[in-house]
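Now for the letters of each chain:
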Amino acid sequence: ASALGLILLERGARPGVGEPSGGSPERMSWDAMMRHLAPDPRLQLGVALRELGIATAMIDISDGLSTDLSHVLDESGVGAIIRGSSVPIARCVESLAASANLDSLELALHGGEEYELLFTARPERKADIEELANKVGTAITTIGEVVTGRGIQLEREGKLEQMLARGFEHRIW
């Protein structure tokens, strides 16, 4: 949603005064722009994941899911399979992406500034994760699995394809 919000802002859109109602295009645009302008980092969830020892690795998605996942995988010496159909896509993105000539899954995989948490956990901690999600009131979605090897594979429509990190890359000068 934040990536879409940035695109809308770059194209000249501006959030109006007051929050639009319902599911109108104006409301969807407002939601996307506000996700970019006023992010809501998952601080409580991150602290709880650490304190409960659930996360085996964790990063916030500020540079794009593909790029931030690549950082985790590179540091851990493993690969991952991401199920495209499982990647959460904000309602505003689903509503507006096609009319803005954008692919909603591509935005979700490579757009940044989301400040959602990406973490890995052992499968036997599933019940603990579900309990924590209910406790903190934040949806937690399994989007894939860590595998031996290197790189990211995207499962889309039953086929695996290599996925390159295409989010923001910091440069050292």
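### Side note on the side chain of E114
Stage number 1. If you trace the backbone, E114 turns up in the loop between helix 6 (104-110) and strand 3 (117-121).
Stage number 2. Overall, the relative accessible area of 14% leaves E114 in the buried class.
Stage number 3. A polar side-chain atom of E114 sits 3.0 Å from a polar atom in the side chain of R35.

### Some details on the pattern of salt bridges
Stage number 1. Throughout the structure, instances matching the rule amount to 10 salt bridges.
Stage number 2. Where E19 meets R27, a salt bridge forms, and the shortest distance between an N and an O atom there is 2.8 Å.
Stage number 3. When the shortest N-O distance is used, the salt bridge between E106 and R156 registers 3.6 Å. Of this pair, E106 sits in helix 6 while R156 sits in strand 5 (residues 151-156), placing them 50 residues apart in sequence.
Stage number 4. Overall, the relative accessible area of 26% leaves R156 in the partly exposed class.
Stage number 5. In the salt-bridge network here, residues are joined through shared partners; they are R35, D40, R42, E114 and E116.

### Focus: helix 1 (residues 2-10)
Stage number 1. With seven of nine residues buried, helix 1 is to be regarded as a mostly interior element.
Stage number 2. In this structure, the buried residues of helix 1 make contact with helix 2 (25-37), helix 5 (91-96) and helix 6.
Stage number 3. Where helix 1 terminates, the next one or two residues include G12, which has phi positive at roughly 100°.

### So, the layout of surface pockets
Stage number 1. Volume-wise, the largest pocket comes out at about 1300 Å³.
Stage number 2. Surrounding the largest pocket, 47 residues form its lining, L118, F119, T141, T142 and I143 being those nearest its centre.
Stage number 3. At the level of secondary structure, the elements contributing two or more residues to the lining of the largest pocket comprise strand 1 (55-60), helix 4 (65-76), strand 2 (79-83), helix 6, strand 3, helix 7 (126-136) and strand 4 (144-147).
Stage number 4. When grouped by side-chain class, the residues that make up the lining of the largest pocket number 30 nonpolar, nine polar and eight charged.

### Overview of the side chain of R27
Stage number 1. Topologically, R27 is positioned in helix 2.
Stage number 2. Contacts of R27, omitting those with residues within four sequence positions, involve E19, P20, S21 and G22.

### Re the environment of L102
Stage number 1. Tracing the backbone shows L102 in the loop between helix 5 and helix 6.
Stage number 2. In sequence terms L102 and I7 are 95 residues apart; their C-alpha atoms lie 9.9 Å from each other.

### Remarks on the pairing of strand 6 (residues 159-163)
Stage number 1. Pairing between strand 5 and strand 6: five bridges, direction antiparallel. Within strand 6, the residue paired with L154 across the bridge is E161.
Stage number 2. The turn linking strand 5 back onto strand 6 is made up of two residues, and E157 within it adopts a positive phi angle of 55°.

### Looking at the nonpolar core
Stage number 1. Ranked by size, the top nonpolar core spans 17 residues in total, and within it L69, I82, V87, L109, L118, I143 and I152 carry the most contacts.
Stage number 2. At the level of secondary structure, the elements contributing two or more residues to this core comprise strand 1, helix 4, strand 2, helix 6 and strand 5.
Stage number 3. Those residues in contact with L118 that lie beyond four places of it in its chain are A57, M58, I59, I61, L65, D68, L69 and I143.
Stage number 4. Formed by 14 residues, the second largest nonpolar core is a distinct cluster that contains A3, L8, M28 and L107.

Calculation criteria
- Residues numbered from 1 in each chain as written.
- Predicted model: local features only at pLDDT ≥ 70, side-chain atom pairs only at ≥ 80, totals over all residues.
- Heavy atoms only, no water.
- Helix = DSSP H or I, 4+ residues; strand = E, 2+ residues; numbered from the N terminus.
- Buried < 20%, exposed > 50% of the residue type's maximum accessible area, 1.4 Å probe, protein only.
- Polar contact = N/O pair within 3.5 Å; in protein donor to acceptor, adjacent residues only side chain to side chain.
- Salt bridge = Lys/Arg side-chain N within 4 Å of Asp/Glu carboxyl O.
- Contact = heavy atoms within 4.5 Å.
- 1 Å grid on protein atoms, 1.4 Å probe; cavity = no way out; pocket = protein on both sides within 12 Å on 5 of 7 lines; lining within 4 Å.
- Points joined across faces, edges and corners; volume = space filled by probe spheres on them.
- Nonpolar A, V, L, I, M, F, W, Y, C, P; charged D, E, K, R; others polar.
- Pairing = 2+ DSSP bridges.
- Core = buried A, V, L, I, M, F, W, Y, C linked by side-chain atoms within 4.5 Å.

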